Amino acid sequence: TVLEVHPPTEPVHGWRDFFIHIATITIGLLIALSLERCVEWQHHRHLAHQAEVSLGNEIRGNEKQVAVALDDVHKQMDMIRQNVGVLNRILADPKKPNREDITFHYEIRWFNDVSWRTAQTTTALSYLPYDEALEYSDIYDQQNYIDAAEQEAIRDVVVAVGPLQNLKAGDANPTGETAAKMKEHFEILQGQLGHVQSLIEELDREYKKFLAAHPEE
């Protein structure tokens, strides 16, 4: 905003006219600056309100995905237990060819964070009360922890099922040291999935705490 100050249109006669003119300019500038600050404050409040609404809706949507995410983890844990059971039988009788199914399907669980990233980009977070901004930050930090844990789990999946990639239909499962290594990697994956599960459960508690404090209007 450009503030324009115009010189007096009439000659200044004496100190009294001079001070009146200075006072008029000063008051005008203060009024203009106040109006500008008011408009700016309203804009910031609008950004903050938009961020609050968008983040609240995103968190509510994410909270509805928690049950599905936990169910996926439980199914994957069951598959690991079945695979470890097959590998235990192979290790118990390594000379007997084993053609039982060893399969694993991994699906990444993810939670939306578009509103969070938008609020950061538009600096809307800086216009929220500190405690409220911290509340959102804790939730989305927890989501990031889950994303990182999922990436580690994917690595563990690749290592665990790697020896099966080149088997042809009807081939016997790997035995000996390869089977022992597969079992070890599946058990590492089992531990990593347990970690993912605990992170999702903690996120669910964060969601429920937030939703209790911010009921939908």
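The paragraphs below set out a description of the structure included in this document. Fair warning: this is a prediction, and the values are worked out from it, not measured in the lab.

Looking at the environment of A92
Stage number 1. Tracing the chain through its elements places A92 in helix α2 (residues 66-92).
Stage number 2. The sequence separation of A92 and G176 amounts to 84 residues, and the corresponding C-alpha distance is 9.9 Å.

Quick word on the environment of D101
Stage number 1. With respect to the helices and strands, D101 occurs in the loop between α2 and α3 (114-121).
Stage number 2. Relative accessible area serves as the criterion here: at 64%, D101 is assigned to the exposed category.
Stage number 3. Along the primary structure D101 and N173 are separated by 72 residues, whereas in three dimensions their C-alpha atoms are 8.6 Å apart.
Stage number 4. Ignoring anything within four residues of it in the chain, the contact list for D101 reads N83 and V86.

Focus on the pattern of salt bridges
Stage number 1. As enumerated under the stated definition, the model contains ten salt bridges in all.
Stage number 2. Residue R155 is joined to D156 by a salt bridge in which the shortest nitrogen-to-oxygen separation is 3.0 Å.
Stage number 3. For R155, a relative accessible area of 47% puts it in the partly exposed group.
Stage number 4. Overlapping salt bridges, with partners in common, bring together E63, D204 and K208 in one network.

Focus on the nonpolar core
Stage number 1. Core analysis: the biggest nonpolar cluster contains 47 residues, and L55, I102, F104, F186, L189 and I200 have the highest contact counts within it.
Stage number 2. Those elements giving two or more residues to this core turn out to be α1 (14-63), α2, α3, α4 (130-161) and α5 (176-213).
Stage number 3. If near-sequence neighbours (up to four positions away) are discounted, L189 is found in contact with I80, F104, A153, D156 and V157.

Observations regarding the environment of Q76
Stage number 1. Inspection of the secondary structure puts Q76 in helix α2.
Stage number 2. Assessed through its relative accessible area of 3%, Q76 is described here as buried.
Stage number 3. Remark: the alpha-carbon pair of Q76 and E107, spanning 31 residues in sequence, is separated by 9.0 Å.
Stage number 4. For Q76, the contacting residues outside a window of four places in its chain are F104, H105, Y106, E107, R109 and L193.

A word on the packing of aromatic side chains
Stage number 1. For the coordinates displayed, the defined rule picks out five aromatic pairs.
Stage number 2. Judged by centre distance (5.0 Å) and plane angle (5°), the rings of W116 and Y140 are stacked. With W116 in helix α3 and Y140 in helix α4, this residue pair connects regions lying 24 residues apart in the sequence.
Stage number 3. The exposure class assigned to W116 is buried, which follows from its relative accessible area of 9%.
Stage number 4. Taken together, the ring pairs connect F104, Y106 and F186 into an aromatic cluster.
Stage number 5. Above the face of the Y106 ring, R109 is positioned so that its terminal group lies 5.2 Å from the ring centre.

Cut-offs applied
Residues numbered from 1 in each chain as written. Predicted model: local features only at pLDDT ≥ 70, side-chain atom pairs only at ≥ 80, totals over all residues. Heavy atoms only, no water. Helix = DSSP H or I, 4+ residues; strand = E, 2+ residues; numbered from the N terminus. Buried < 20%, exposed > 50% of the residue type's maximum accessible area, 1.4 Å probe, protein only. Contact = heavy atoms within 4.5 Å. Salt bridge = Lys/Arg side-chain N within 4 Å of Asp/Glu carboxyl O. Core = buried A, V, L, I, M, F, W, Y, C linked by side-chain atoms within 4.5 Å. Phe/Tyr/Trp six-rings, centres within 6.5 Å; stacked < 30°, edge-to-face > 60°. Lys NZ or Arg CZ within 6 Å of the ring centre and 35° of its normal.

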